[in-house]
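Listed here are the chains, written in short residue letters.
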Amino acid sequence: MVWDPKDPWGKKPDPLEDALKQAQSQLKDLFPPGGFKSLLPSGGILNLVIAAVVILFIWQAVFIVAPDEEGVVKRFGVPVRTVEPGPHFKIPFAETVLQPKVAKLYRVEVGFRTSQQGRQQMVPQEALMLTGDMNILAIEFIVQYKIKEAGEFLFNVADIHETIGKAAEASMREVVGKSKIDEALTTGKAVIQQDTMTLLQTILDQYHSGVQIAAVQLQDVDPPEAVAAAFKDVTNAKEDREKLINQAQGYRNDIIPRAKGEAAELVNRAKGFAQARVNRSQGEANRFLATLKEYNQSKDVISKRIYIETMEEILPNMEKIIIDGKGGERLLPYLPLDRRSKLTAASGAKASSQLESEESRPEPSPTLKSRGARP
């Protein structure tokens, strides 16, 4: 054994220690003399570095959420809290923030796609649907939604836009499958939109998607192109039928009230005429009774008065020739019978016209008159 003054016991060197020493020597060769302290800046440069570190720390610790956004804070990739709009703090380099726009209204197109140039192109795989009466329709519609729960919206569903489109297509197919083609083409569109929106919201709530459906709007509801002309003729015929029905109802609503009004007018006129005849008859009867009463009190005076009044009515309508008594003895009496008959006919027509005019005039209140009465 060779004697080694460094190893009085004569032990062999450990190979592990040799390897460790060799590694330390190599590591020292990588750095300049003076170690890590020689790498740090001194004076003003050190202050600038400290200021930069502080600014970086603040920049990483402070974030601002816009008024139309909601902040979702993640710590090492796991969501821990949700913050409202405004300035907030987070742990630098450990927490990150996602800020989805919760007030924005998003849009999903189903059955068609709109290009960047604004052109729309139908997607038959989505648009063609079967109605409840076994007809095919091409339905294009849009879905508008906004974010209700930001955390669920970001992390519960992988592709929320595509999920909403597929769920909307399934909901529309179910609702249209329960409807008839006439309802889908004409008056049932509002009901289909409302039922589809309700069913779609139920599906998305089951997914915990954090989405609120704002509207479902039908863009185009048309039959397939192969039978579009026939469907158009049927629709036009139905529109014409509705037009004729509305015209008939309008004529009915116009003629019936008019006929009822005319009938009511005739009835009222008849009642008025009957009441007038009754009142006139009563007045004549009362007048006759009053005249009779006065006549019984003074028959001579009443007889003379009646005679005079009768003459006043008769004589003005007669052709009169007055001849003195002495002159009448020398004249030949002449009686013109033909002329008398003409005068009689004329006076009769005049009397009848006066009678009609009196009947048409309202009857005055009965008074004490004895004209035309006979004792």
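Residues numbered from 1 in each chain as written. Predicted model: local features only at pLDDT ≥ 70, side-chain atom pairs only at ≥ 80, totals over all residues. Heavy atoms only, no water.

> I'd like a description of the overall build of the protein chain, backed by residues and values.
Tallying secondary structure elements over the protein chain gives eleven helices and eleven strands in all. Here the protein chain holds 375 residues, and the buried ones make up 22% of them. Taking the contacts inside the protein chain whose residues are at least 6 apart along the sequence as the reference set, 68% of them involve residues at least 24 apart. Carbon and sulfur atoms provide 59% of the accessible area of the protein chain, an area that totals close to 28,000 Å². (Helix = DSSP H or I, 4+ residues; strand = E, 2+ residues; numbered from the N terminus. Buried < 20%, exposed > 50% of the residue type's maximum accessible area, 1.4 Å probe, protein only. Contact = heavy atoms within 4.5 Å. Areas by Shrake-Rupley, 256 points an atom, 1.4 Å probe, with all protein chains shown as cover.)

> Could you give an account of the pattern of salt bridges, with specific residues and numbers?
Scanning the model with the defined rule gives 13 salt bridges in all. Measuring nitrogen to oxygen at the nearest pair gives 2.8 Å for the salt bridge that ties R113 to E126. Linking R113 in strand β7 (residues 112-114) with E126 in helix α3 (residues 124-127), this pair joins segments that are 13 residues apart in sequence. R113 sits in the partly exposed class, given a relative accessible area of 38%. (Salt bridge = Lys/Arg side-chain N within 4 Å of Asp/Glu carboxyl O.)

> An account of the side chain of S171 is requested, with residue identities and associated values reported.
Mapped onto the elements, S171 comes out in helix α5 (residues 160-177). Take S171: its relative accessible area is 0%, and that puts it in the buried class. A distance of 2.8 Å separates the side chain of S171 from the backbone oxygen of A167, its partner in a polar contact. The contact partners of S171, leaving out residues within four places of it in the chain, are T196, L199, L200 and I203. (Polar contact = N/O pair within 3.5 Å; in protein donor to acceptor, adjacent residues only side chain to side chain.)

> How would you explain the packing of aromatic side chains if you had to name every residue and give the values?
Here the structure, examined in full by the defined rule, presents one aromatic pair. Each ring, one from Y106 and one from Y145, has its centre 5.4 Å from the other, and the planes form 20°; the classification is stacked. Of this pair, Y106 sits in strand β6 (residues 106-110) while Y145 sits in strand β10 (residues 136-147), and the two are 39 residues apart along the sequence. (Phe/Tyr/Trp six-rings, centres within 6.5 Å; stacked < 30°, edge-to-face > 60°.)

> Tell me about α5, and name the residues and values.
With 18 residues, α5 extends 25 Å between its outermost C-alpha atoms, agreeing within 8% with the 26 Å of an ideal straight helix rising 1.5 Å per residue. Those residues of α5 not exposed but buried are I160, I164, G165, A167, A168, E169, S171, M172, V175 and V176. (Expected span 1.5 Å × (residues − 1).)

> Describe in detail unusual backbone geometry, supporting the description with residues and values.
A positive phi is found at F76, a non-glycine position, where the angle reads about 55°. Counting through the fold element by element, F76 comes out in the loop between β2 (71-75) and β3 (78-83). The backbone of H208 shows a phi angle near 55°, a positive value even though the residue is not glycine.

> Tell me what's going on with the sheet that holds β3, and back it up with residues and numbers.
Pairing within the open sheet is antiparallel, and its three strands lie in the order β3-β2-β5. The open sheet has two edge strands, β3 and β5 (95-98), and neither has a second partner. Strand after strand, the sheet turns through a mean of 30° between neighbouring axes, direction not considered. In this sheet, β5 lies alongside β2 in antiparallel orientation, the contact comprising four bridges. Note on β5: the bridge partner recorded for K74 is T96. (Pairing = 2+ DSSP bridges. Axes fitted to C-alpha atoms, helices over the stretch in contact; angles between N-to-C directions.)

> Please give an account of helix α9 (residues 299-314) that cites residues and values.
The end-to-end C-alpha separation of α9 is 22 Å, in line with the 22 Å expected for 16 residues at 1.5 Å each. If you check which residues of α9 are buried, you get I302, I306, E309 and T310. Across the axial projection of α9, the buried residues extend over an arc of 100°, all falling on one side. In α9, the exposed positions that point more than 90 degrees away from the buried face belong to D300, V301, K304, Y307 and E312. Here the buried face of α9 lies against α8 (228-297). (Arc of directions from axis to C-beta.)

> Pulling in residues and values, what's your account of the packing of α5 against helix α7 (residues 189-207)?
Packed helices, taken two at a time, are described by the angle between their axes plus the distance between the axes. Following both chains from N to C, one finds α5 and α7 inclined at 135°, their axes separated by 9 Å at the closest point. Classified by the angle between their axes, α5 and α7 sit oblique to one another. For the crossing formed where α5 meets α7, the hand is right-handed. On α7, the residues touching T163, I164, A167, A168, S171, M172, E174, V175 and V176 of α5 are I192, D195, T196, L199, L200, I203, L204 and Y207. (Parallel < 35°, antiparallel > 145°, perpendicular 65-115°, else oblique. Left-handed = near helix turned anticlockwise from the far one by under 90°.)

> Break down the environment of F155 for me, with residues and values.
The topology assignment puts F155 in helix α4 (residues 150-155). Not counting the four nearest positions on each side in its chain, F155 is found in contact with V72, K74, P79 and L98.

> An account of the nonpolar core is requested, with residue identities and associated values reported.
Ranked by internal contacts, the top residues of the largest apolar core, which has 34 residues, are I139, F141, V143, I164, M172, V211 and I213. Sorting elements by how many residues they give to this core places α5 first, with seven residues. Ranked by size, the runner-up nonpolar core spans five residues in total, among them F63, V65, V73 and V83. (Core = buried A, V, L, I, M, F, W, Y, C linked by side-chain atoms within 4.5 Å.)

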